[in-house]
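Listed here are the chains, written in short residue letters.
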Amino acid sequence: ELANRMAERVADVVKSLMKMGMMVTQNQAIDADTAELIVEEFGHRIQRVSDADVEDVIQQIVDKEEELQPRPPVVTIMGHVDHGKTSLLDAIRKTSVTTGEAGGITQHIGAYQVTTESGALLSFLDTPGHAAFTSMRSRGAQVTDIVILVVAADDSVMPQTIEAIAHAKAAGVPMIVAINKCDKPGADAQKVRAELLQHEVVVEEFSGDVQDIEVSAITGQGLDSLLEAIALQAEILELKANPNRAAQGAVIEAQLDVGRGPVATVLIQKGTLKRGDIFVVGEQWGKVRALVNDQGERVDEAGPSVPVEVLGLNGTPEAGDVLNVVDTDSQAREIAEYRAHAAKEKRATAGAATTLDQLLAQAKANESVAELPILVKADVQGSAEAIIQAMEKIGNDEVRVRVLHYGVGAITETDIGLAEASGAPVIGFNVRANSPARSSANQKGVEIRYYSVIYDLVDDVKAAASGLLSAEI
Ligand code: GDP
């Protein structure tokens, strides 16, 4: 890499290093001081790059008050399983499809926009549940302005309801309570309000400041009121952004599309993303080749709070990655490469540390926990996360599954290398291995298994784990 950057021959650089007494191969890492000596020896100019230098290229524009314009709120639906999150998202989406095109367009891009009767625009994240919310937040992308807490009136407050309240409070995001399934005979909205009180959620009916709306995702009752409640909450928040600047956004989901290549749904947070813009997103970069909105239509640009599919990426980013528009190709490439490199180093040291820690801890406790290491690659971030969660549940005191690494996209040679080093099989969920990875796996005897149904995967892993230690899992 150093030779490459200096535009010198690799052999010459290696030779120089050897002259200095360093017996290195061409892919070996050398420290910064040595690299500096080499660069000087070859008569090149040295430029040490730090995190700050690289990230400075991304325009940290501070928007002036007069440049800010109102923007739609971004809403996430959370709540206990089966309380109707998905049904509610579907019902709300249907209200946005105007009668003429009803039933026609249901392009799933991970987020969509609707207009309320009074004309307010609202953006919904289409990935319910707090797993997505938290993983985005842990990656530094706080995109949600308002949380809709769904509580089924026939089931009332349940463990995940309480978790969702905790997540919303931790993020400092205001909540609106949607008391769902009010069409059901056993519905008791008052009980929901009373139970929420125990968790310090005081609804308006109890003189608090949390709006509560009785709805039914099935009959459509109360949906308009819910949308208006969101619009009202948004007004109180005075959400604003500058649409006239280099765009910044957060990846909601990303996948490798067979026909279109890597595709990411980005929720624009500031500025306006336009066709032809050059950008960096996490460890990837690209140039906007096309933008597709939630109706499946191609658009030329997308402003604040608008979700769009972005085509023209050089690789698949991860949910929660931040997209920034930069000036030139070379800047974008440099930042992406720098980040990938930094992340790789971090992973290498972190990986070694945890293994050592684990070994030490195990030795100390003198217990024998057998581990089944696996490596997971999936088509979208959501399924990768669902798999990790399912895997973590497998196991007992004697054996457990350890996910060494997981990611989105095809299985690559790097994955095979990591799997070989750890004696782990590679799981491909709705993705295949590329051909270098396949031959590498053959050569190294690494097992690759393909799945498209999570339950099948769980069953097989359970079987493998129990085989590891003839224990009941
Ligand atoms: P999620 O797990 O929170 O996404 O819940 P779902 O949207 O999958 O809903 C769980 C079940 O409750 C499904 O069988 C829905 O048809 C049903 N359901 C959701 N909302 C309502 C509602 O308002 N009324 C009735 N009667 N059933 C509902």
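Residues numbered from 1 in each chain as written. Predicted model: local features only at pLDDT ≥ 70, side-chain atom pairs only at ≥ 80, totals over all residues. Heavy atoms only, no water.

1. Description of the overall build of the protein
Looking only at helices and strands, the protein features 14 helices and 21 strands. Looking at the protein as a whole, 45% of its 473 residues qualify as buried. Of the contacts formed within the protein by residues at least 6 apart in sequence, a portion of 71% connects residues at least 24 apart. Roughly 23,800 Å² of accessible area belongs to the protein as shown, and the carbon and sulfur atoms make up 49% of that amount. (Helix = DSSP H or I, 4+ residues; strand = E, 2+ residues; numbered from the N terminus. Buried < 20%, exposed > 50% of the residue type's maximum accessible area, 1.4 Å probe, protein only. Contact = heavy atoms within 4.5 Å. Areas by Shrake-Rupley, 256 points an atom, 1.4 Å probe, with all protein chains shown as cover.)

2. A look at the sheet that holds strand β5 (residues 146-152)
Reading across the sheet, the six strands line up as β3-β4-β2-β5-β6-β7 and stay open at both edges, with mixed pairing between neighbours. Both outer strands of the open sheet, β3 (111-115) and β7 (212-214), are each paired with one neighbouring strand and no more. Across the sheet, the mean angle separating the axes of adjacent strands is 30 degrees when strand polarity is ignored. Inspection of the sheet shows strand β2 (residues 74-79) paired to strand β4 (residues 121-125) by two bridges, in the parallel sense. Bridging from a neighbouring strand, Val75 pairs with Phe124 of β4. Sheet contacts for helix α8 (residues 189-197): β5, β6 (175-180) and β7; angle to β6, the most-contacted strand, approximately 145 degrees. (Pairing = 2+ DSSP bridges. Axes fitted to C-alpha atoms, helices over the stretch in contact; angles between N-to-C directions.)

3. Quick look at the environment of Ser156
Looking at the secondary structure, you find Ser156 in the loop between β5 and α7 (159-171). A relative accessible area of 1% means that Ser156 is categorised as buried. For the pair Ser156 and Asp188, spaced 32 residues apart in sequence, the C-alpha separation works out to 7.9 Å.

4. A short note on the site of the ligand
Taken together, 15 residues sit near the ligand, with Asp82, Lys85, Thr86, Ser87 and Asp183 positioned nearest. Between an oxygen atom of the ligand and a main-chain N or O atom of His83, the distance comes to 3.4 Å. Relative to its free-state accessible area of 580 Å², the ligand is covered by the protein chains to the extent of 72%. A class-by-class count of the residues in the shell around the ligand yields three nonpolar, seven polar and five charged. (Near = heavy atom within 4 Å. Polar contact = N/O pair within 3.5 Å; in protein donor to acceptor, adjacent residues only side chain to side chain. Nonpolar A, V, L, I, M, F, W, Y, C, P; charged D, E, K, R; others polar.)

5. As for α8
Residues spaced three or four apart along an α-helix point in a common direction, a consequence of the helix completing one turn every 3.6 residues. Those residues of α8 that fall on the buried side of the exposure criterion are Ala189, Val192, Arg193 and Leu196. Viewed end-on, α8 has its buried residues packed into an arc of 100 degrees, placing them on one side of the element. Buried residues belonging to α8 abut β5, α7, β6 and β7. (Arc of directions from axis to C-beta.)

6. Remarks on the nonpolar core
Counting 26 residues, the largest nonpolar core has Leu88, Ile92, Phe124, Ile148, Ile176, Leu226 and Ile230 as the members making the most contacts within it. Looking at this core, the elements that each hand over two or more residues are β2, α5 (85-96), β3, β4, β5, β6 and α9 (223-237). At seven residues, α9 tops the list of elements feeding residues into this core. With residues near it in sequence (within four places) discarded, Leu226 still touches Leu88, Ile92, Ile148, Ile176, Ala178, Ile213 and Val215. Residues Met78, Val147, Val177 and Cys182 belong to the second largest nonpolar core, which totals 22 residues. (Core = buried A, V, L, I, M, F, W, Y, C linked by side-chain atoms within 4.5 Å.)

7. Section: the confidence of the model for the protein
Regions with low pLDDT carry predicted coordinates that are not meant to be interpreted in detail. Mean pLDDT over the protein: 84, with 85% of residues reaching 70 or higher. Low pLDDT, under 50, characterises residues 98-104; the predicted model gives this stretch three contacts beyond four residues in sequence or across chains. pLDDT under 50 marks residues 350-364. Its contacts with residues more than four places away, or in other chains, come to seven contacts. This prediction of the complex comes with two scores: 0.68 for pTM and 0.99 for ipTM. (pLDDT = per-residue confidence, 0-100.)

8. Observations concerning the packing of helix α2 (residues 10-19) against helix α3 (residues 32-41)
Where α2 meets α3, the axes come as close as 11 Å, and the angle between the chain directions of the two elements is 115 degrees. In this structure, the crossing between α2 and α3 has a hand that is right-handed. For the pair α2 and α3, the contacting residues are Val13, Ser16 and Leu17 in the first and Thr34, Ile38 and Glu41 in the second. Among the residues making up the contact of α2 with α3, the classes are represented as three nonpolar, two polar and one charged. (Left-handed = near helix turned anticlockwise from the far one by under 90°.)

9. Notes on the pattern of salt bridges
Applying the stated criterion across every chain yields a total of 16 salt bridges. Notably, a salt bridge pairs Glu195 with Lys191, separated by 4.0 Å at the nearest N-O pair. Linking Glu195 with Lys191, this pair stays in helix α8, spanning four residues, or about one helical turn. With a shortest N-O distance of 3.6 Å, Glu205 and Arg193 are connected by a salt bridge. Here Arg193 lies in helix α8 and Glu205 lies in the loop between α8 and β7, a separation of 12 residues in the sequence. (Salt bridge = Lys/Arg side-chain N within 4 Å of Asp/Glu carboxyl O.)

10. What about the environment of Ser452?
Within the secondary structure layout, Ser452 lies in the loop between β21 (448-451) and α14 (454-468). C-alpha of Ser452 to C-alpha of Ala378: the two residues are 74 residues apart in sequence and 9.4 Å apart in space. Not counting residues up to four positions away in its chain, the partners in contact with Ser452 are Phe429 and Asn430.

11. Remarks on the pairing of strand β9 (residues 248-257)
Taking burial as the measure, the 10 residues of β9 include seven buried ones, the bulk of the element. Inspection of the sheet shows β9 paired to strand β10 (residues 261-270) by nine bridges, in the antiparallel sense. Among the inter-strand pairings, Glu253 is bridged to a residue of β10, identified as Thr265. Taking the residues between adjacent antiparallel strands as the criterion, β9 and β10 are bridged by three residues. One ladder, built from three bridges, connects β9 with strand β17 (residues 322-326); its direction is antiparallel. Considered in β17, the bridge of Gly249 is made with Leu323.

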